[in-house]
Amino acid sequence: MPNSSSPSIVPVDEPARTLEQAAVAPGFFRLRLHAPRIAGNAVPGQFVQVRVTDDVEPFLRRPFSIGDADPSSGSIEILYHVVGKGSRRLSERKAGERILLLGPLGNGFRLPDSGTVLLVGGGVGMPPVYFAAKSIRGCRVCVIQGARCAERLLYRDELVSLGIPHRETTEDGSAGSKGLVTAALIETLSDFPPDETKETVEILACGPPAMLAAVADIARTHGVRCQVSVEERMACGFGICMGCAVQKRTSGTREYALVCVDGPVFDATQIALAHSP
Ligand SMILES: Cc1cc2nc3c(=O)[nH]c(=O)nc-3n(C[C@H](O)[C@H](O)[C@H](O)COP(=O)(O)OP(=O)(O)OC[C@H]3O[C@@H](n4cnc5c(N)ncnc54)[C@H](O)[C@@H]3O)c2cc1C
Ligand code: FES
């Protein structure tokens, strides 16, 4: 049985009006919603549970990271990949329609206020990374993003227009350096004098489990602090069903954290990530 330390609070639904739904790459959609209460409270790394349709099926809500929030206009954005029936139904929603959202949920990143922040985003892990990159103040920031191919490098234009330094990697070599985002992270870290790295650099990352495990290993090797946002499968999203438990890295007794309330952001040393030793 998971032993989460966070209280289970049943959050309130916000009926959000769809402002815009646009395809940003084949199978990838950006959805902008008018949800003033969520927009006014969201921090990077938090997520919303989306009731993708008013029909009975699919019954469970689907979790998506908040990719941007603008308290002044009361709007939020999510960016998602169509992978199954829930995300497909969501992609069919039109401007003007009402969508029920629970949120903002989870804890969000602890944003540093000095030093250098390396933000690592893999594939559709980019939304919270982008939101964090544009929210951080008082730090040197570099986004290191990886995707399968050039057209899946999400938020490219936005990063350029905001002047946020970023490095790109693609698995097929169609943009940036060919290879994995973790290779670019190691290269970037090697630019720092080793004695400075530990004190001045922090990594924030979101992406597939194997990428997060590799990023955590790299952070440990370089003695760098690292926060990871974990996108575990979820049901309720607010601490009731215990369906999102991940094992903590504790010696002795088996302890668990709930991704939906204790996370989705964890210190990389706190939980057992896939493939980590
Ligand atoms: C906190 C959090 C934030 C997330 N943020 C985003 C986001 O910003 N953009 C985005 O595109 N997706 C995000 N996801 C993943 C997203 O929730 C799932 O892709 C979505 O729920 C799939 O629903 P579906 O009905 O379309 O697919 P399903 O029919 O439920 O599943 C289709 C396939 O996708 C796989 N799948 C489903 N959920 C996940 C998951 N969480 N991780 C890995 N594989 C999964 C299934 O194993 C199956 O193979 C996030 C998940 C979490 C927990
Ligand atoms: S406890 Fe239900 S999804 Fe986390």
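Residues numbered from 1 in each chain as written. Chains lettered and ligands numbered in written order. Predicted model: local features only at pLDDT ≥ 70, side-chain atom pairs only at ≥ 80, totals over all residues. Heavy atoms only, no water.

Asks: For this particular structure, what's the right way to read the overall build of the protein?
Replies: On a plain count of helices and strands, the protein comes out with eight helices and 16 strands. The C-alpha radius of gyration computed for the protein amounts to 18 Å, which stays within 12% of the reference 19 Å derived for 277 residues, consistent with globular compactness. On the principal axes, the C-alpha backbone points of the protein span a range of 55 × 45 × 35 Å. Long-range pairs, those at least 24 residues apart, make up 64% of the contacts in the protein with a sequence separation of at least 6. Here the protein displays about 12,600 Å² of accessible surface, and carbon together with sulfur accounts for 53% of that area. (Helix = DSSP H or I, 4+ residues; strand = E, 2+ residues; numbered from the N terminus. Rg over C-alpha atoms; globule rule 2.2 N^0.38 Å. Contact = heavy atoms within 4.5 Å. Areas by Shrake-Rupley, 256 points an atom, 1.4 Å probe, with all protein chains shown as cover.)

Asks: What exactly am I supposed to notice about the site of ligand 1 here?
Replies: By nearness alone, 19 residues border ligand 1, and Arg 62, Pro 63, Gly 86, Ser 87 and Arg 233 come closest of all. Here a nitrogen atom of ligand 1 and a backbone polar atom of Leu 79 are 2.9 Å apart. A distance of 3.1 Å separates an oxygen atom of ligand 1 from a polar atom in the backbone of Gly 84. The fraction of the free accessible surface of ligand 1 (880 Å²) that becomes covered by protein chains is 75%. At the level of secondary structure, the elements contributing two or more residues to the shell around ligand 1 comprise β4 (62-65), β6 (75-81) and α2 (85-91). A per-element tally of the shell around ligand 1 places β4 first, with four residues. When residues of the shell around ligand 1 are assigned to domains, at least three map to each of domain 1 (13-105) and domain 2 (116-267). (Near = heavy atom within 4 Å. Polar contact = N/O pair within 3.5 Å; in protein donor to acceptor, adjacent residues only side chain to side chain. Domains from an automatic or database assignment.)

Asks: What's the story with the domain arrangement of the protein in this structure? I'm lost.
Replies: Interfaces are frequently sized by the accessible area removed from exposure as the parts join. Parsing the protein into structural domains produces domain 1 (13-105) and domain 2 (116-267). Here domain 1 and domain 2 have C-alpha centroids that lie 22 Å from each other. Across the contact, 24 residues belong to domain 1 and 23 residues belong to domain 2. Interface of domain 1 and domain 2: buried area, both sides summed, is about 1,900 Å²; carbon and sulfur atoms make up 64% of it. Where domain 1 meets domain 2, there are two salt bridges. In this structure, Lys 134 engages Asp 68 in a salt bridge whose closest nitrogen and oxygen atoms are separated by 3.0 Å. (Buried area = accessible area lost by both parts, 1.4 Å probe. Salt bridge = Lys/Arg side-chain N within 4 Å of Asp/Glu carboxyl O.)

Asks: What should I look at first to understand the nonpolar core in this one?
Replies: The nonpolar side chains of soluble globular proteins are, as a tendency, buried together. Counting 40 residues, the largest nonpolar core has Leu 185 and Ile 203 as its most contacted members. Element by element, the count of residues in this core is highest for helix α7 (residues 209-222), at seven residues. No fewer than three residues from each of domain 1 (13-105) and domain 2 (116-267) sit in this core. Among residues more than four places away in sequence, those in contact with Ile 203 are Leu 118, Val 120, Leu 185, Leu 189, Val 215, Ala 219, Val 224, Arg 225, Cys 226 and Gln 227. (Core = buried A, V, L, I, M, F, W, Y, C linked by side-chain atoms within 4.5 Å. Buried < 20%, exposed > 50% of the residue type's maximum accessible area, 1.4 Å probe, protein only.)

Asks: Can you walk me through the sheet that holds strand β9 (residues 140-147) in this structure?
Replies: Neighbouring strands of a sheet are bound in pairs by backbone hydrogen bonds; such pairs are parallel or else antiparallel. The strand order across the open sheet built from seven strands is β11-β10-β9-β8-β12-β13-β16, with neighbouring strands paired in mixed fashion. Every interior strand has two partners, whereas the edge strands, β11 (177-178) and β16 (265-267), have only one. Here strand β12 (residues 201-206) runs beside strand β13 (residues 225-229); their pairing, made up of five bridges, is parallel. When the sheet's bridge partners are listed, Ala 205 is paired in β13 with Val 228. Most of the contacts of helix α3 (residues 126-135) go to strand β8 (residues 116-122), to which it runs at about 155°, and overall it touches β8, β9 and β12. (Pairing = 2+ DSSP bridges. Axes fitted to C-alpha atoms, helices over the stretch in contact; angles between N-to-C directions.)

Asks: Just to check I follow, could you spell out unusual backbone geometry for this structure?
Replies: Glycine aside, negative phi is the norm for most residues, and most peptide bonds take the trans geometry. Residue Pro 104 is bonded to the preceding Gly 103 through a cis peptide linkage, with omega at -5°. Positioned with a positive phi, Tyr 155 is a non-glycine residue whose angle comes to about 65°. The residue Tyr 155 is located in the loop between β9 and α4 (156-162) in this model. The backbone of Met 242 sits at a positive phi, close to 65°, despite the residue not being glycine.

Asks: Looking at this model, I keep getting lost on the pattern of salt bridges. Mind explaining?
Replies: Any two side chains of opposite charge can pair if their charged atoms end up close together. Scanning all chains against the criterion turns up 15 salt bridges. A salt bridge links Glu 92 to Arg 89; its shortest N-O distance comes to 3.5 Å. The exposure class of Arg 89 is partly exposed, given its relative accessible area of 27%. With a shortest N-O distance of 3.6 Å, Glu 202 and Arg 225 are connected by a salt bridge. Of this pair, Glu 202 sits in strand β12 while Arg 225 sits in strand β13, placing them 23 residues apart in sequence.

Asks: Which parts of the structure should I look at to understand the sheet that holds strand β3 (residues 47-51)?
Replies: Overall, antiparallel pairing links the seven strands, which are arranged β4-β3-β7-β1-β2-β6-β5 in an open sheet. Sheet topology places β4 and β5 (68-70) at the edges, where each strand pairs with a single neighbour. Averaged over all pairs of adjacent strands, the angle between their axes in this sheet comes to 35°, without regard to strand direction. The sheet contact formed by strand β2 (residues 28-34) and β6 spans seven bridges and is antiparallel. The residue bridging Leu 33 from the neighbouring strand is Ile 76, located in β6. Its contacts with the sheet put α3 on β4, β5 and β6, and the angle it makes with β5 is roughly 45°.

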